[in-house]
Structures are given as structure tokens and as C-alpha cells.
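So you can see what is in the structure, the chains are spelled out below.
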Amino acid sequence: MTLIRRTFYLLIGLTFPAFWISHASGWGAFLYRPIQQLFATSASGWPSLISAGLLYLLLIFCFESLYRLLKQHRP
């Protein structure tokens, strides 16, 4: 089980920069558009970093929840 967890975090760490770049270029712009409007900016760099970080935190939270749930069911 620890191999699965370590592999997951390795993939998360390696894919985050590429996801952030594609996200900042306009893919999924609806996610960071509210941040842009809130701060009245046209920049896409730091608002997309915040929204990409939140997406990855949500992904990590879901993975950890499932991991701990499965870990409790194994003897």
C-alpha cells in the first residue's frame, strides 16, 4: 500500500507544473475567472496557480480519504 501512496505523490509532484501551465494558458479558465474578477486583474498566472493548487489539494484529500478507508479494512 505504501508503494501506491508514494507513486501517487510522485505523480502529483511531477504533473503539477505541466497542469499549471496548461491551466494558465486557458484550459479550465472558468475555475480561475472568479479570482480574476475578485481582484480585478487580467493576469492568469497567479489566479491559475491558486485554482490549480486547490484542485490538487482536493485530489489529494480524496486519495487520502480512500487510502485510509482501505487501510482500515485490511488486517
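A quick note: this is a predicted structure, and the numbers were derived from the prediction, not measured.

Draft legend 1. Representation of the pattern of salt bridges in the model. On inspection of all chains with the given rule, the structure shows two salt bridges. Here Arg-5 ties to Glu-64 by a salt bridge, and the two come within 3.0 Å at their closest N and O atoms. Placement of the pair is Arg-5 in helix α1 (residues 2-24) and Glu-64 in helix α3 (residues 45-73), with a sequence separation of 59 residues. Among the residues examined, Glu-64 registers a relative accessible area of 10% and is labelled buried. With a closest N to O distance of 3.3 Å, Glu-64 and Arg-68 form a salt bridge. Of this pair, Glu-64 and Arg-68 are both found in helix α3, four residues apart, which corresponds to roughly one turn of the helix. By sharing partners, the salt bridges in this structure join Arg-5, Glu-64 and Arg-68 into a single network.

About the criteria used
- Residues numbered from 1 in each chain as written.
- Predicted model: local features only at pLDDT ≥ 70, side-chain atom pairs only at ≥ 80, totals over all residues.
- Heavy atoms only, no water.
- Salt bridge = Lys/Arg side-chain N within 4 Å of Asp/Glu carboxyl O.
- Helix = DSSP H or I, 4+ residues; strand = E, 2+ residues; numbered from the N terminus.
- Buried < 20%, exposed > 50% of the residue type's maximum accessible area, 1.4 Å probe, protein only.

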